[in-house]
Structures are given as structure tokens and as C-alpha cells.
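# Structural features, examined
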Amino acid sequence: METVTTVAELRSIVKQWKKEGKSIGFVPTMGYLHEGHGSLISRARENDRVVVSIFVNPMQFGENEDFSSYPRDFERDCRFCGSLGTDIVFHPDPSEIYASDFCTFVDMSRLTENLCGKSRPGHFRGVCTVVAKLLNIVNPDRAYFGEKDAQQLAVIKRMVRDLNIDVEIIGCPIVREHDGLAKSSRNTYLNGDERKAALVLNKALSYAEMLAKKGVTDPETITSAMIELIKSEPLAKVDYVKAVNSITMEDIEKINPQTLIAIAVYIGKTRLIDNLIVR
Ligand code: PAF
């Protein structure tokens, strides 16, 4: 496995692979990798070559968010990538990605106006801009994203469609801890009590699933019941609990198959997200 830090070097390797007719799978990450990322890398092995980027993208963090404290462990990440058969880890410096006079952005309306887009203004502008740039740099056949970030996945699929970017976007299932907590690099912020309290996210989603299975179709009835359950956990504070169309991210009037139930909850100071699609 090779580590590459410049766009020029990565492009020249990719150019050679393309000449040889190799297919390329790409997994963009912000590092501090866990089994969720591992499942994306393993799936990406369906291509001849796999590139993983590790770049904590400053543009997608708000002013009061956790950019500087975001967990980082590059050596460990490299070992993890190597063990899963990654060919290249792309680890650019922010100055390699954003020139000092950088002024071009990819912005999206509609899909970014609800859920995390509402709670984190500017977040998806940063995500779309960096993902568009990374796709231009790596030029992969397929790129892999986790379904835990359901809105991000929908936004990226739409960006790729709207901007005619020549790549297939593949969503991969949420990977959970043994007790149901969705894997996230931010879980590392949780202390012992918070880690236990964080189970309330999955509990609330399971409750919603049970209500939907019983035939409850009113989104308000389901989301209110979820909010009540989350409120019973003293360390938890609801950011949002929503039932939306899983493609447009718009609120819906009736729960149906393919409805996305998405939640964001603060456990202490840590904001965690999780979701399920009603089947
Ligand atoms: O999901 C993430 O880790 C990031 O949002 C991404 C897609 C790597 C862009 O920085």
C-alpha cells in the first residue's frame, strides 16, 4: 500500500491504472477509521484498485463545531487500510485541496434544507465541494458511502446526477456495535455513562419501526413517541427526529415503505446521528 499526499502524484498513478484497464473503487473518509469504513473498503474491493482518502475537511465544519478536536490517528488508519487490501491512501494537506485564493463551491438547495442541513448550515456545501473535488482527482468508477449519513448519501447521489459526474455512487449498510449503537468516529468522545445513554438512539429507532410495523402511518405520532422516549434519557437532548422521503429529504404526510426516519441527538456535547428506512 502506498501513501500519496499530492494531487499530481495520485493523478499520475490513476492515469497508469486506467491505461491498464483497471477499475477503481474510492472510499472518501475523514479518518479515525472503524468497521463502518472497513465495510466500505471491503465492498470497494469489487474493483481492481482501491483508493481511500483521509482528509478532515475544514469546509464542512461550522465555526463552533469539532474540526480541531476531530479524532485523528493516521498511523493506525494506514494499518487498517493496509489490512483490508487498500492500494492507495490519499492524505493531502488542506493547502493541497484548498488554494489560498480558493473561491469555487458546490452548493445544493432542497435536499440540504432539512435534517442535518438545517442544524448545520453550510455543512453540505463543504461536503459537496470536497466530494466533487475528490471525485475529480481520483476519477473512480465507483465511490462508496455509508447509509448512516443518509442525507449525505442522497445529496451526493443528486450532485453526481445533476453535475453529470461519471461515477457510480454505492451506499453501504450501517455497521453497529454489538449493542446496537451505530459505529461513528465521534463515539470516541463518549465517556462511560454517555456511551450507555447513546443506546437511546437505536432504541428510539426500533420503537419507530415497531410502531410502523403495527400500522401507524402518521409521522407525527411516531416522531412524538420517539422524542418522548429520548427525553427519558437524562444525558440526551434531541436535535431532530424526522420522517422524510428518503430521496428528496422532504417531510412526508404518511409513513410508507422507503420513508427515512432520521434522528440527531446530543449525548452530552456529542452530536450523534442514526436512521432507518421503513421497509
Ligand atoms: O462522511 C464523511 O466522512 C465525510 O463527510 C466525507 C464524505 C469524507 C467528506 O469529507
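Residues numbered from 1 in each chain as written. Predicted model: local features only at pLDDT ≥ 70, side-chain atom pairs only at ≥ 80, totals over all residues. Heavy atoms only, no water.

Here we come to the sheet that holds strand E2 (residues 24–29). Pairing between the strands of a sheet is mediated by backbone hydrogen bonds and can be parallel or antiparallel. The six strands lie next to each other as E1-E4-E3-E2-E5-E6, forming an open sheet whose pairing is parallel. Among the strands making up the open sheet, the edge pair consists of strand E1 (2–4) and strand E6 (168–172). Direction aside, the axes of adjacent strands within the sheet are offset by 25 degrees on average. Sheet analysis places E2 next to strand E5 (residues 142–146), joined by two bridges and oriented parallel. (Pairing = 2+ DSSP bridges. Helix = DSSP H or I, 4+ residues; strand = E, 2+ residues; numbered from the N terminus. Axes fitted to C-alpha atoms, helices over the stretch in contact; angles between N-to-C directions.)

A few words now on the packing of aromatic side chains. Working definition: an aromatic ring pair is given by the centre-to-centre distance plus the angle between the planes. In total, this model carries five aromatic pairs according to the counting rule given. Aromatic pair Tyr-98 and Phe-102: ring centres 5.0 Å apart, planes at 80 degrees, arrangement edge-to-face. Take Tyr-98: its relative accessible area is 13%, and that puts it in the buried class. The exposure class of Phe-102 is partly exposed, given its relative accessible area of 23%. Joined through ring pairs, the aromatic side chains of Phe-55, Tyr-98, Phe-102 and Phe-105 make up one cluster. (Phe/Tyr/Trp six-rings, centres within 6.5 Å; stacked < 30°, edge-to-face > 60°. Buried < 20%, exposed > 50% of the residue type's maximum accessible area, 1.4 Å probe, protein only.)

With antiparallel pairing, three strands are arranged side by side in an open sheet as E7-E8-E9. What marks the edges here is a single partner per strand, and that holds for strand E7 (236–245) and strand E9 (270–277). For this sheet, the mean angle separating the axes of adjacent strands, direction not counted, is 15 degrees. Direction of pairing for E7 relative to strand E8 (residues 259–267): antiparallel, over a ladder of nine bridges. Within E8, the position partnered with Ala-236 by the bridge is Ile-267.

Those residues of helix H3 (residues 74–83) that sit buried are Asp-77, Cys-78 and Cys-81. Summarising the axial view, the buried residues of H3 lie within an arc of 100 degrees, below the 170-degree limit, and thus occupy one face. Looking at H3, the residues exposed on the side facing more than 90 degrees away from the buried face are Glu-75, Arg-79 and Ser-83. Packed against the buried residues of H3 are E1, helix H2 (35–44), strand E3 (49–54) and strand E4 (88–90). Just downstream of H3 lies Gly-85, where phi reads positive at about 85 degrees. (Arc of directions from axis to C-beta. Contact = heavy atoms within 4.5 Å.)

A few words on the packing of helix H6 (residues 123–138) against helix H7 (residues 150–162). Geometrically, a packed helix pair is captured by the angle between its two axes and the distance between the axes. Contact pair H6 / H7: the axes reach a minimum separation of 11 Å and the direction vectors enclose 55 degrees. When the interaxial angle is binned, H6 and H7 end up oblique. Crossing geometry of H6 relative to H7 is assigned as right-handed. Across the interface between the two elements, Phe-124, Val-127, Cys-128, Val-131, Ala-132 and Leu-135 of H6 pack against Gln-151, Gln-152, Val-155, Ile-156, Met-159 and Val-160 of H7. For the contact of H6 with H7, the class distribution of residues is 10 nonpolar, two polar and no charged. (Parallel < 35°, antiparallel > 145°, perpendicular 65-115°, else oblique. Left-handed = near helix turned anticlockwise from the far one by under 90°. Nonpolar A, V, L, I, M, F, W, Y, C, P; charged D, E, K, R; others polar.)

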